[in-house]
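Listed below are the residues making up each chain.
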Amino acid sequence: MTKVGAKGDEASPLFTIKVRRVSDESQVTILNNKDEVNMKITMTSSSESCKIGNAKFIIHITGEHSIILKFPTPTEMKRFQAQVDFRSKCQSVFDKRTAESSAVQYFQFYGYLSQQQNMMQDYVRTGTYQKAMVQNFMDFRDKVVLDVGAGSGILSFFAMQAGARKVYAVEASTMAEHTKKLVSQSQYAGRIIVIPGKIEEIDIPEQVDIIVSEPMGYMLFNERMLETYLHSKKFLRPNGLMFPTVGDLHIAPFSDELLYMEQFTKANFWYQQSFHGVDLSPLRDAAVEEYFKQPIVDTFDIRILMAKSVKYTVNFLQAQEEDLHRIEIPLHFTAHSSGTVHGFAFWFDIAFIGSMSTVWLSTAPTESLTHWYQVRCLFRSPLFIKTGETMVGKVVLRSNMRQSYDVDIEAVVEATGSKAENTLDLKNPFFHYTGQPPATPAEAHCSGVAGDAYTAGGGSNTGNNSSGGGSSHYQRHHPSAHYGQQDSQNTANPSQQYHQQYHPSQYQFLVESLTQVCRTNRQW
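In what follows, the accompanying structure is described. Note that residues are indexed from 1 along each chain, following the sequence as it is written. The predicted nature of this model means local features are confined to residues of pLDDT at least 70 and side-chain atom pairs, given and counted, to a pLDDT of 80 or more, with totals for whole chains, interfaces and linings taken over all residues. Based on all heavy atoms of the structure, the side-chain values leave hydrogens and waters out of the count.

### Quick look at the overall build of the protein
In terms of regular secondary structure, the protein is built from 14 helices and 25 strands. Burial classification: accessible surface area is computed with a 1.4 Å probe over protein chains only, and a residue below 20% of its type maximum counts as buried, one above 50% as exposed, and the rest as partly exposed. Burial analysis of the protein (524 residues in total) assigns 52% to the buried set. Contacts between residues were defined by any pair of non-hydrogen atoms, one from each residue, lying within 4.5 Å. Across the protein, contacts joining residues at least 24 apart in sequence account for 71% of those joining residues at least 6 apart. When the accessible surface of the protein is split by element, carbon and sulfur atoms take 49% of a total near 24300 Å². Note on conventions: DSSP H or I runs of at least 4 residues are helices, E runs of at least 2 residues are strands, and numbering of each starts at the N terminus. A 1.4 Å probe and the Shrake-Rupley method give the accessible areas. Residues count as covered only by the protein chains that appear here.

Structure, rendered in structure tokens:
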């Protein structure tokens, strides 16, 4: 049953709707607040009806007569619509892989200006995107651009600054209305075309030369926006460009006794045998399992890492959506120090590969912090490893309908056969970041040769401002080169295609307002 109100009479009492559906016919009965039948409607596949907005539904009865039902919530309206709508439903690719509840929450979240502000104020993110486009202005000049998941439209404006002729800005949340207002009052009105809707469901009148997007989530893959980004290639001309072009996920074992014990300590609440007279202890094991299923989102001192990172690369120009449904990453580490391995740490880098330069955006623990932070996944039972010993294992990311992944981690120390594993829910992370600099580990694991491998080049986003030429370390190497990463054996390194490369430490923001804000926080 669903309570509804009649249109045009705000003082009218609430009604109750009963729907009885049999095969291809629904009997709709509308009762007043005294449970008296007010109206009966029989609906079939030939009935004319549709939703109006988020919480209203109109039904044509006969002749010039129709009824509009106003529901208390959009959810109630959708429940009613599902019972009376007999039209065949052709689901989009997005709908097939996404639970409706997850999609509603997702687009509601990104419809808030406050959330757009949070991302825009990540000046490493925003400045890097602008630098990548403006420094590759020859790739954008007089070109048609598609902005996937445009949000506030900031990337569309950057494309225009780089010389684009036209931009199609596609945004599925209500933010599209705000973006239209920004565009209409800018110098680019008529050249940035805002299209409300999902990229899997909309159409645009022409093929595009370049696709731009910011589709990365925690651990690169969370939110499954990358699949939407890959889907958008159906609009890309042959030999077109994608910004970003490649993404590298880095994985390294870490040791952090305090973090490990913190998770256990939280679960000890459920060990109480007389909490206001109630025995909670039967739930302690379930609580431990729940806490250890949470990936930890924060930052850390790189000296907790116990081996060089393994790198897994995705080339967005070559990858297909199906490639991201299940991702298996084989791991092989050689410990550079002895100690306890409590889990795996994750971060990512992305590259914008243009004809004039390649620009990198890094979320590594040695770089300036971004709103992606880093992510750590704990084992239920840690492992002990000695210097020089080999640890093998794998990470498997299994996509789910909640726009995220279930993450299986597994590791084995070959010398002892000791094994650790866990399954985590990337949709439900624990935000551990406190705003304070990461504490120096009690026993630094990076020393000697290993220490040099992690710290070569300084590892700071805020250092050298050189914009090209010269012999800067950052112009010769990938931004994660000083982690001493290893390529995962089933991925190809596209570095042969790279031209001039820029490290995140070289970013110079070209918008005066951004520059002024950044100067309050950085040493230029």
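There's more to say after this.
### Quick notes on the sheet that holds strand β11 (residues 208–213)
Any two strands between which DSSP finds at least two bridges are classified as paired. With respect to topology, five strands assemble into an open sheet ordered β10-β9-β8-β11-β12, the strand pairing being parallel. Taken across any chain shown, the strands that pair with only one partner, and hence form the sheet edges, are β10 (192–196) and β12 (236–243). For this sheet the average axis-to-axis angle between neighbouring strands, irrespective of direction, equals 20 degrees. Where strand β8 (residues 144–148) meets β11, four bridges bridge the pair, whose relative direction is parallel. Considered in β11, the bridge of Val 148 is made with Ser 213. Only the stretch in contact is used when a helix axis is fitted, and all axes are lines through C-alpha atoms; the angle between N-to-C directions ranges over 0 to 180 degrees. Along the sheet, helix α8 (residues 175–184) contacts β9 (166–171) and β10; its crossing angle with β10, the most-contacted strand, is approximately 165 degrees.

### What to know about a nonpolar patch on the surface
Only residues above 30% relative accessible area that lack a salt bridge enter a patch, with like-charged residues linked at up to 9 Å and the nonpolar side chains Val, Leu, Ile, Met, Phe, Trp and Tyr linked at up to 5 Å. Within this document, salt bridges are pairs made up of a side-chain nitrogen of Lys or Arg and a carboxyl oxygen of Asp or Glu, the two lying within 4 Å of each other. A cluster of nonpolar residues, Phe 137, Met 138 and Met 356, forms a patch on the protein surface that exposes about 250 Å² of accessible area. With respect to the element layout, Met 138 can be found in helix α6 (residues 137–140).

### Re the pairing of β10
Pairing of β9 with β10, which is carried by five bridges, proceeds in the parallel orientation. Paired with Val 170 across the bridge in β10 is Ile 195. Orient the strands so they point away from the viewer; a crossover is then right-handed if the path from the first strand over the helix to the second runs clockwise. Regarding the hand of the β-α-β motif, the stretch spanning β9, α8 and β10 is right-handed.

### Some points on the sheet that holds strand β21 (residues 405–413)
Spatially, four strands are ordered β16-β20-β21-β22 in an open sheet, and the strand pairing comes out antiparallel. Here the strands that pair on one side only, and so sit at the sheet edges, are β16 (326–334) and β22 (419–425). In this sheet, neighbouring strand axes are inclined to one another by 10 degrees on average, regardless of whether the strands run parallel or antiparallel. Across seven bridges, β21 lies against β22 in antiparallel orientation. Residue Val 407 lies in a different strand from β22, and its bridge partner there is Leu 424.

### Looking at the pattern of salt bridges
One pass over the structure, following the stated rule, counts 16 salt bridges. The partner of Arg 125 in a salt bridge is Glu 214, with the nearest N and O atoms 2.7 Å apart. One end of the pair, Arg 125, is in helix α5 (residues 123–135); the other, Glu 214, is in the loop between β11 and α9 (225–231), and 89 residues separate them in sequence. Neither Arg 125 nor Glu 214 differs from the other in exposure class; each is buried. Notably, a salt bridge pairs Asp 298 with Arg 376, separated by 2.8 Å at the nearest N-O pair. Taken together, the residues Asp 298 in strand β14 (residues 296–298) and Arg 376 in strand β19 (residues 374–385) connect sequence positions 78 residues apart. Taking the relative accessible area as the measure of exposure, Asp 298 reaches 3% and is therefore buried. Look at the salt bridges and you will find they share partners, linking Arg 97, Glu 200, Arg 224 and Glu 227 into a network.

### Thoughts on the environment of Leu 383
Inspection of the secondary structure assignment puts Leu 383 in strand β19. For Leu 383, a relative accessible area of 4% gives the class buried. The spatial distance from the C-alpha of Leu 383 to the C-alpha of Lys 419 is 7.1 Å, given a sequence separation of 36 residues. Apart from residues no more than four positions distant in its own chain, Leu 383 is found in contact with Gly 339, Thr 340, Val 341, Met 391, Ala 411, Val 413, Ser 418, Lys 419 and Ala 420.

### Let's talk about the environment of Phe 379
Counting through the fold element by element, Phe 379 comes out in strand β19. Separated by 42 residues in the primary sequence, Phe 379 and Glu 421 place their C-alpha atoms 5.6 Å from one another. Look past the residues within four positions of Phe 379 in its chain and what remains in contact with it is Tyr 260, Phe 292, Val 341, His 342, Gly 343, Phe 344, Ile 409, Ala 411, Ala 420, Glu 421 and Asn 422.

### What about α5?
By definition here, a helix of n residues has an expected span of 1.5 Å times n minus one. The end-to-end C-alpha distance of α5, which contains 13 residues, comes to 17 Å, matching closely the 18 Å that a straight helix rising 1.5 Å per residue would cover. Burial in α5 covers these residues: Tyr 123, Val 124, Arg 125, Thr 126, Gly 127, Thr 128, Tyr 129, Gln 130, Lys 131, Ala 132 and Met 133.

### Brief notes about the nonpolar core
Working definition of a nonpolar core: buried Ala, Val, Leu, Ile, Met, Phe, Trp, Tyr and Cys residues. They are joined through side-chain atoms within 4.5 Å. In this structure, Met 133, Phe 221, Phe 344, Phe 346 and Val 395 are the most contacted members of the largest nonpolar core, which totals 95 residues. Setting aside residues up to four positions removed in sequence, Phe 346 forms contacts with Met 219, Leu 249, His 250, Ile 251, Gln 374, Val 375, Cys 377, Val 395 and Ile 409. The next biggest cluster of nonpolar side chains, apart from the first, holds 17 residues, and it includes Ala 267, Ala 345, Trp 347 and Leu 378.

### Regarding the packing of α5 against helix α7 (residues 154–161)
Packed helices, taken two at a time, are described by their axes: the angle between them and the distance between them. Packing of α5 against α7 brings their axes to within 8 Å, and their N-to-C directions diverge by 30 degrees. When the axis of α5 is compared with that of α7, the two are roughly parallel. In this structure, α5 meets α7 at a crossing whose hand is right-handed. Contacts between α5 and α7 pair Thr 126, Tyr 129, Gln 130, Met 133 and Val 134 from the former with Leu 155, Phe 158, Ala 159 and Gln 161 from the latter. Classifying every residue of the contact of α5 with α7 by side-chain character gives six nonpolar, three polar and no charged. The labels follow the angle: roughly parallel below 35 degrees, roughly antiparallel above 145, roughly perpendicular from 65 to 115, and oblique for the rest. Crossings are assigned a handedness: left-handed for a near helix turned anticlockwise from the far helix by less than a right angle, right-handed for a clockwise turn. Polar here means any residue other than Ala, Val, Leu, Ile, Met, Phe, Trp, Tyr, Cys and Pro, which are nonpolar, and Asp, Glu, Lys and Arg, which are charged; Gly is therefore polar.

### Points about the packing of helix α10 (residues 257–267) against helix α11 (residues 284–292)
Two elements in contact, α10 and α11, have axes whose closest approach is 8 Å; the angle formed by their N-to-C orientations is 145 degrees. For α10 against α11, the interelement crossing comes out right-handed. Seen from α10, the contacting residues are Tyr 260, Gln 263, Phe 264, Lys 266 and Ala 267; seen from α11, they are Arg 284, Ala 287, Val 288, Tyr 291 and Phe 292. Partitioning the contact of α10 with α11 into residue classes produces seven nonpolar, one polar and two charged.

### What about the packing of aromatic side chains?
Pairing of aromatic side chains requires ring centres within 6.5 Å, counting the rings of Phe and Tyr and the six-membered ring of Trp. Pairs whose planes differ by under 30 degrees are stacked, by over 60 edge-to-face, and all others tilted. Summed over the entire model, instances satisfying the criterion amount to 22 aromatic pairs. Members of the aromatic cluster, connected to one another through ring pairs, are Phe 94, Tyr 106, Phe 107, Phe 109 and Tyr 110. We note Arg 376 situated over the ring of Phe 254; from NZ or CZ to the ring centre the distance is 5.2 Å. A cation over a ring is seen here: Arg 380 above Phe 292, with NZ or CZ 5.9 Å from the ring centre. When the NZ atom of lysine or the CZ atom of arginine is within 6 Å of a ring's centre and also within 35 degrees of its normal, the charge is said to sit over that ring.

Structural measurements only, silent on function.
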